[in-house]
Amino acid sequence: MTRSIAKITTVEVGDAKPYTISIGPGLLDDGATLAATLRGRHALLVSDGNVAPLYADRVTRALRSAKPGMRVDGYLLPAGEASKTLAHFAEAIDALAAIGATRDACIVALGGGVVGDLAGFVAACWMRGIDCVQVPTTLLAMVDSSVGGKTAVDLPQGKNLVGAFHPPRAVIADTEVLLTLPPRELRAGLAEVVKYGAIRDAGFLDWIEANAAALMDGDDAALSEAVARSCRHKAEVVARDPYEHGERALLNFGHTFGHAIEAEQGFGGLNHGEAVAVGMVLAAKLSAQLGLAAETDAARLAALLARLELPVAVPAGLQAEALLERMRLDKKADATGLRFVLWDGIGAARVVAGVPDEAVLAALET
Ligand code: NAD
Ligand code: GLY
């Protein structure tokens, strides 16, 4: 089945191996766009137990009709962060071995960030690296995790501790699939959209404030614009700093706190976007405490996130000391101590090293 797509926006990512992000409603049925990214005749479609029943057949049909003779096998994960493990990574590798996947085989990651991160890591490792096409189905995956090549699985000790940089061959974001996304997951994605405004584009933050209702209602025009603008930001950053030696760390605004909250809740409490929302408010408060930014900026950010029905405070029952301990394992911590992405105000983030424990504890406790 091939459908003509009315409006596709593309964003080019100028990585060492450049690729295109295609964004628009109906792209899942556009087998030609997907088939154009595949070099061989063999694909492993990796998806999860919620997404596959909704969309896997459509993708498989579109692909086979655009590329007759294409062999498409499947590997399904149980939905949720708890599946982003070495055990499921090993299962997916076994699936590739069982089907005799060759070097020109491709992984098609159909799902949210959990599927994308795990499938991307599998692609990075099989035969030292095969192609992975990301077909993100959550807003969070469209605006963040499918772009930039970070792939990983979690350990009980923390998130994303085992992984690799492995840029996708292409990203195909069908915004229509956001219609089936649970509202809580849509809001989680909006947290990452807000992040781009917070760290590097005050005008985008104004736009999000003005369009908050349309975004929350799932309006396709508003969401497509949010996805495209977010992807342009991410593409600009990763093109300059693909391996996070500098500027890319700014994309982790709110994540040091957020990852600690997720891990401390055993990955079963706030989801990633929600934890990042709380983390961004804490980073803004910490910035104010250190005298880097005005408290009114932190209040404005918290007000926007609350309007988007995202949490803005540390969940009850979590201890500040325990969160601080978790942060010591964060990938941004080094021998000199804790480093945070903080800001000088809306649209102006920077990395700050040597942040004293007392200031962090104070931000967590206010
Ligand atoms: P997720 O993959 O768990 O998806 C959220 C839920 O929505 C799941 O239950 C999923 O089955 C369901 N779902 C997905 N698409 C759907 C659709 N269209 N309709 C109905 N249900 C749907 O979560 P997520 O928020 O997409 O991703 C979070 C993960 O992404 C975390 O593991 C995080 O660490 C990772 N992440 C990675 C990067 C990166 O750069 N690699 C960046 C940000 C986040
Ligand atoms: N999500 C942060 C990054 O891709 O660098």
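Criteria and cut-off values
Numbers given to residues run from 1 along each chain, matching the order in which its sequence is written. Lettering for chains starts from A, numbering for ligands starts from 1, and both go in the order in which the items are written. Owing to the predicted nature of the model, reporting of local features is limited to residues with pLDDT of at least 70; listing and counting of side-chain atom pairs is limited to 80 or more, with chain, interface and lining totals taken over all residues. As a rule here, side-chain values come from all non-hydrogen atoms in the structure, and water together with hydrogens is ignored. Comment: elements are numbered from the N terminus, with helices defined as DSSP H or I runs of at least four residues and strands as E runs of at least two. The cut-offs for exposure are 20% and 50% of the maximum accessible area for each residue type, with area from a 1.4 Å probe on protein chains only; residues under the lower value are buried, those over the upper are exposed, and the others partly exposed. Should any heavy atoms of two residues lie within 4.5 Å, those residues are considered in contact. A pairing counts as a salt bridge when a side-chain nitrogen of Lys or Arg comes within 4 Å of a carboxyl oxygen of Asp or Glu. By convention in this text, a residue qualifies as near a molecule or strand provided that one of its non-hydrogen atoms is within 4 Å of it. Definition of a polar contact: a pair of N or O atoms within 3.5 Å, with one able to donate and the other able to accept a hydrogen when the atoms are protein atoms, and with sequence-neighbouring residues admitted only if both atoms are side-chain atoms. Computed with the Shrake-Rupley method and a 1.4 Å probe, the accessible areas treat only the protein chains shown as cover for residues. Angles run from 0 to 180 degrees between N-to-C directions of axes, and those axes are lines fitted to C-alpha atoms, restricted for helices to the stretch in contact. Throughout, the term roughly parallel applies to angles under 35 degrees, roughly antiparallel to angles over 145, roughly perpendicular to angles from 65 to 115, and oblique to all others. Crossings are sorted by hand: turned counterclockwise from the far helix by less than a right angle, the near helix makes the crossing left-handed, and turned clockwise it makes it right-handed. Gly is put with the polar residues, along with every residue not named as nonpolar or charged; the nonpolar set is Ala, Val, Leu, Ile, Met, Phe, Trp, Tyr, Cys and Pro, and the charged set is Asp, Glu, Lys and Arg. DSSP-based pairing: two strands are paired if at least 2 bridges between them are found.

With respect to the overall build of the protein
Of regular secondary structure, the protein possesses 14 helices and 11 strands. Expressed along its principal axes, the backbone C-alpha trace of the protein runs to roughly 60 × 40 × 35 Å. Buried positions account for 58% of the 366 residues belonging to the protein. Put simply, 75% of the contacts in the protein that link residues at least 6 apart link residues at least 24 apart.

Points about the pattern of salt bridges
By the definition in use, this model includes 25 salt bridges. The partner of Arg-240 in a salt bridge is Glu-247, with the nearest N and O atoms 2.8 Å apart. Residue Arg-240 is classed as exposed on the basis of its relative accessible area of 52%. You can call Glu-247 partly exposed: its relative accessible area is 28%. The shortest N-O distance in the salt bridge between Arg-326 and Glu-264 comes to 2.7 Å. Placement of the pair is Arg-326 in helix H13 (residues 320–327) and Glu-264 in helix H10 (residues 255–264), with a sequence separation of 62 residues. A cluster of three or more residues bridged by salt bridges with shared partners is formed by Glu-81, Lys-84, Asp-117, Asp-154, Lys-159 and Glu-262.

Notes on the site of ligand 2
Neighbouring ligand 2 are Asp-144, Lys-150, Lys-234, Glu-244, Arg-248, Leu-251 and Asn-252. Between Asp-144 and ligand 2, the recorded distance is 3.0 Å, taken from a side-chain N or O atom to a nitrogen atom. Between ligand 2 and Arg-248, the relevant distance is 2.7 Å, taken from an oxygen atom to a side-chain nitrogen or oxygen of the residue. Alone, ligand 2 offers 190 Å² of accessible surface; in the complex the protein occludes 90% of this.

A closer look at the packing of H10 against H13
Where H10 contacts H13, the two axes come as close as 9 Å, and the packing angle between them is 110°. Here H13 runs roughly perpendicular to H10, going by the angle between their axes. Seen from above, H10 lies across H13 with right-handed handedness. From H10, Thr-256, Phe-257, Ala-260, Ile-261, Ala-263 and Glu-264 reach across to H13, where they touch Ala-322, Leu-323, Arg-326 and Met-327. Here the contact of H10 with H13 is composed, by residue class, of 7 nonpolar, 1 polar and 2 charged.

Section: the site of ligand 1
Around ligand 1, 27 residues are found, and the nearest of them are Asp-48, Glu-81, Thr-137, Thr-138 and Thr-180. A distance of 2.8 Å is found between an oxygen atom of ligand 1 and a backbone nitrogen or oxygen belonging to Gly-113. Between ligand 1 and Thr-180, the relevant distance is 2.7 Å, taken from a nitrogen atom to a side-chain nitrogen or oxygen of the residue. A total of 860 Å² of accessible area belongs to ligand 1 in isolation, and the protein chains cover 92% of it. Those elements that provide at least two residues to the shell around ligand 1 are helix H2 (51–66), helix H4 (113–125), helix H5 (139–145) and strand S8 (158–165). Across the shell around ligand 1, the residue classes tally to 9 nonpolar, 9 polar and 9 charged.

What about the sheet that holds strand S9 (residues 170–174)?
Spatially, S1-S2-S9-S6-S5-S3-S4 is the arrangement adopted by the 7 strands of the open sheet, whose pairing is mixed. The strands lining the two open edges of the sheet, one partner per strand, are strand S1 (9–13) and strand S4 (71–77). Mean inter-strand twist for the sheet, computed between neighbouring axes without regard to direction, equals 20°. For strand S2 (residues 19–24) and S9, the ladder comprises 4 bridges, and the chain directions are parallel. What sits directly across from Ile-23, in S9, is Ala-173.

By themselves, these figures tell us nothing about what the structure is for.
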